[in-house]
Every structure is written in structure tokens, then in C-alpha cells.
Amino acid sequence: MIIRKKPVAAITVAAVLLFGGCQATPEQSVIATRMVELEPVAGSSSTASSAPATAHDEMWQDEMEIAGMKIVIDADVETPQADTFPVVKVRPTGFSADTVQRILDYFAGNAVLRDLNADVPWMTRDVRDQIIVEELRFQHDCGVRNDILPEEVAAHMDELYGTPPEAAEAAEIPRDDVSTVSESVYFDTGKTVPGTMILEDSRQDANKAFLEVSDFGFFGGYTNERHQEESAAGTGLTAEEAASAAKVTADSLGFDYMDVSDVRVADRYSNLAAGTTDSDQQCYLVLFSRTYAGVKSPFVELRAWRNSGAAGDSSEQYRAPWTPEYLELMINENGVVWLRWQNPVEIVNVEHDDIDIISFEQAKQDFAESMRLVLTGTDFLSDMEEDVASGLMDNNEIHINKVVLGNEFFPVKDSKDEYQLMPCWIFFGYDGWLGDISRDLPTCEMMLDAATGAIV
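Note that this is a predicted model, so its numbers are computed, not measured. (Residues numbered from 1 in each chain as written. Predicted model: local features only at pLDDT ≥ 70, side-chain atom pairs only at ≥ 80, totals over all residues. Heavy atoms only, no water.)

## Some thoughts on the layout of surface pockets
- Reported here for the second largest pocket is a volume of approximately 300 Å³.
- In terms of lining, the second largest pocket is formed by 13 residues, of which the most central are Arg203, Gln204, Asn207, Lys416 and Asp417.
- Broken down by class, the residue content of the lining of the second largest pocket amounts to five nonpolar, two polar and six charged. (1 Å grid on protein atoms, 1.4 Å probe; cavity = no way out; pocket = protein on both sides within 12 Å on 5 of 7 lines; lining within 4 Å. Points joined across faces, edges and corners; volume = space filled by probe spheres on them. Nonpolar A, V, L, I, M, F, W, Y, C, P; charged D, E, K, R; others polar.)

Structure representation (C-alpha cells):
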């Protein structure tokens, strides 16, 4: 389970967490304008077909037992209908001014931008009181609290964050002055709490760069991300319609080299009432990853690499952790309300125009052999004997439910800022002993180099 709640440390920081609009309402809400764009997309089949074609007509069903671990396989096999399988070298890059401006135009429209980090807080007493009204209505609708008074909440907020001023307004930031390295702004979208954009480029220090824009309104966001057969409650969209609408939005913002990799749902939660969630009001989380030459990069849960080194090596011998590029969009009943773009990359060169790919039959054999090496060559099961004895672990099964032939990023040897995007056989699934948390969000159980069959 991925929890997106963030602690609120100070009232001036709360805009990052609460989202929405606090200045005068524009003539027409930006989010309402975007909803008009979404309506004709819903149900459209033409937009969905813009993604690279993928074959889903193969199934793999099998069982095997290795070193006391049962491997249960009931998997769809997805392979791209691509003519070639190139290997390309990429490197992390920054954010272009053009893309940043397009994203701002989409979310903020013509609204004035103000400094989120300024000493002048965006929250006034009127805004605080309106937030309290919305919070109590949310709690009441969730059936959590019906007896709390607005005055009690106001006193509690003032104790935590200090009493807000009667009026406040930070200085305007001209659009042309928006940085592509470090920026934190808020803007009015006609909601109680302002929309926000945060941009950080820390490639030199932390090997990380991200751009995040939010327009949730008051409610703190969404949590409990998972796959769900039912449509997201309160959105009026199916998962297919949400993915199609998100793809149109991504393309319009310049992400036409990315395709939908996963679609999840999440429950709305409250910032001011810890643990208060509402599964009757949900959103879709649509994840995108890069496609190159018709080969998609399936979304693999976040990870980072570090060069291994002998004991005593200096820190300079290690690669700073890096998470592969991905894009996320959230869609609720108002349209697209959240975007996060993590670690953009640029193509350096094509290392191989077309490599030979091992067949799926060979990949199955290599999977079994690699799994045998992992389970017999480590103390995997013996390390869990105590959990088994105590009853904490009562299911020694690994389930494989999807296999994808797609691209993934890998570090380039002896180069600390370059990576290869290369074809791999990726085996997704879940671990039986982890229960619902693993079944709801299957992750990568095994990844093989599609050219050699070697475990990566």
C-alpha cells in the first residue's frame, strides 16, 4: 500500500498539502474548463489506439517447486508488435521551459502565480473557516464525527499553526520568471485552497528531479492505491475512459513518447482528520512510462541503483541512487487534478539498432533456472523460518500473473550519469506471505535480459 499523506509542519507549508484555490474566483474555473475537454474523450476508442500495439493472446500456466518455495504461474503474456528491438543510451536531464509553461497553462490558466515559499502566508481567517466547514461536512458524510464544533477545530488549527491574518497576499511571480531548476508557486483555481506547482532539479546532489502540480481543492489527496475491478466511485468514468483521457492530456503536454503502463484507484482522505478516508469518493491514478520504437517500458515499482564496491572504497565509487523516469496523472470527478513527472531523460545515442530476442519458451526455461539460483543460492527461506514458526508467514508461494516483453532502464558500467534502455522479459506477480498488500499491487518478481536470458 502506498500512502500519499504528508505531515503538515506549518501553515505556510499547508498549501503544498491541501491544494485548491484561495484568491478571488476566476470568471470560469480552470478545472471546469478541463472537464469540458475530458467529456468527449470518455468512451473514445481512437485515443486509446495511439498506444503501441501489444499482443495479449498467450497464457502461461504452470507450477513448480524450488527449494521449498511453490511457484504458481497463471499469467497473461504481453509482447509488443515491434519490428525491431533497439538498445539506446539515455541520461537524466532537466525540465525545459517550454514544457513547464505548457503544464502551468493547463493547470493554472491565466491565474496569477505567487511564491509558495514566501513569508506571507496564503491562508487567511476566512479561508481557515471555510476549510473547517468543508472538513466537518466531509467527516459527517464519512460517518466519522458528528459532534465536533467548528470553534473547536479553529482553536486546534490555531494552536498547531498559529492564528492566520485577516488578509494576506504574496508577491506575484511573472510567468517568464518561473525557474526550471527550483520553483514553488501557488495559483487560484476557484477552490478554497490554492493549486500548487513544485519543481526541483537536484541531479547534482541527489540524482533526482521532479515536477509536481496539484489542484485537489481542500481534501488532502488520495490514499490506498490499488487495482480495483469496479470503476472509481464518484468519477463517472471507467478505467479505460480515464486512461484514454489521461493519454490525451499527456500527449497535449508534450509527453507523446509515453504510454499508459498501469491504472489504479485510490480513496480520498482528509488532511485534518487523520485516518479519515472515503471509498465513495475515489480517483484514478494513471501511470505512464517511456515507449521507444514501439516497445513500452512497463511500470516497475520504484527502485534505485548503486554501484557495488569492495570494502574500503570511497564514496566516489558509488552511483547516487536514481529512480527511472515515469509520469503520473490523477483524475477525479473534476478531471485531471494532479501530475508528477519524475526524472526526465534524454536520448544520448542508439547503441544497437536491433538485437536478437530470446523466445518466450527460452525465457520460461531461463526464469526457472534463475529462480532456482536465487532460492537455492541464498538463505531466503531459512531467514524466514522464525516467521513460519511464529505463524506470521503461512504461505510460501510466489505467484506470477503477468509477463511482459518490454524496455527497462539499467545503469551503464563505469558511467555514473548514463543508463541503457534495453528489452527485458519482466515477470510480475506477488508473494503469498505478504497477503492483500502484495496481491493488490503486483510487482516485479524476476527480470531477464531479453537478449541473453541472464537475470538482471
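## Here we look at the confidence of the model for the protein
- Across the protein, pLDDT averages 80, with 77% of residues at or above 70.
- Confidence drops under a pLDDT of 50 for residues 1–50, and excluding neighbours within four residues, the segment shows 137 contacts in the predicted structure. (pLDDT = per-residue confidence, 0-100. Contact = heavy atoms within 4.5 Å.)

## Quick word on the pairing of strand 12 (residues 326–332)
- The element strand 12 is extensively covered by neighbouring structure, given that seven of its seven residues are classed as buried.
- Of the pairings in the sheet, the one linking strand 10 (residues 277–292) to strand 12 comprises five bridges and is antiparallel in character. In the sheet register, Val286 faces strand 12, and the bridge partner there is Leu329.
- The pairing of strand 12 with strand 13 (residues 335–342) spans seven bridges and is antiparallel. Residue Leu327 lies in a different strand from strand 13, and its bridge partner there is Trp341.
- Here strand 12 folds back onto strand 13, and the loop between the two strands holds two residues. (Buried < 20%, exposed > 50% of the residue type's maximum accessible area, 1.4 Å probe, protein only. Helix = DSSP H or I, 4+ residues; strand = E, 2+ residues; numbered from the N terminus. Pairing = 2+ DSSP bridges.)

## With respect to the nonpolar core
- Ranked by size, the top nonpolar core spans 39 residues in total, and within it Phe187, Met197, Leu211, Phe288 and Leu339 carry the most contacts.
- Excluding residues that lie within four positions of it along the chain, Met197 makes contacts with Val100, Leu104, Val178, Glu183, Ser184, Val185, Phe187, Leu211, Glu212 and Val213. (Core = buried A, V, L, I, M, F, W, Y, C linked by side-chain atoms within 4.5 Å.)

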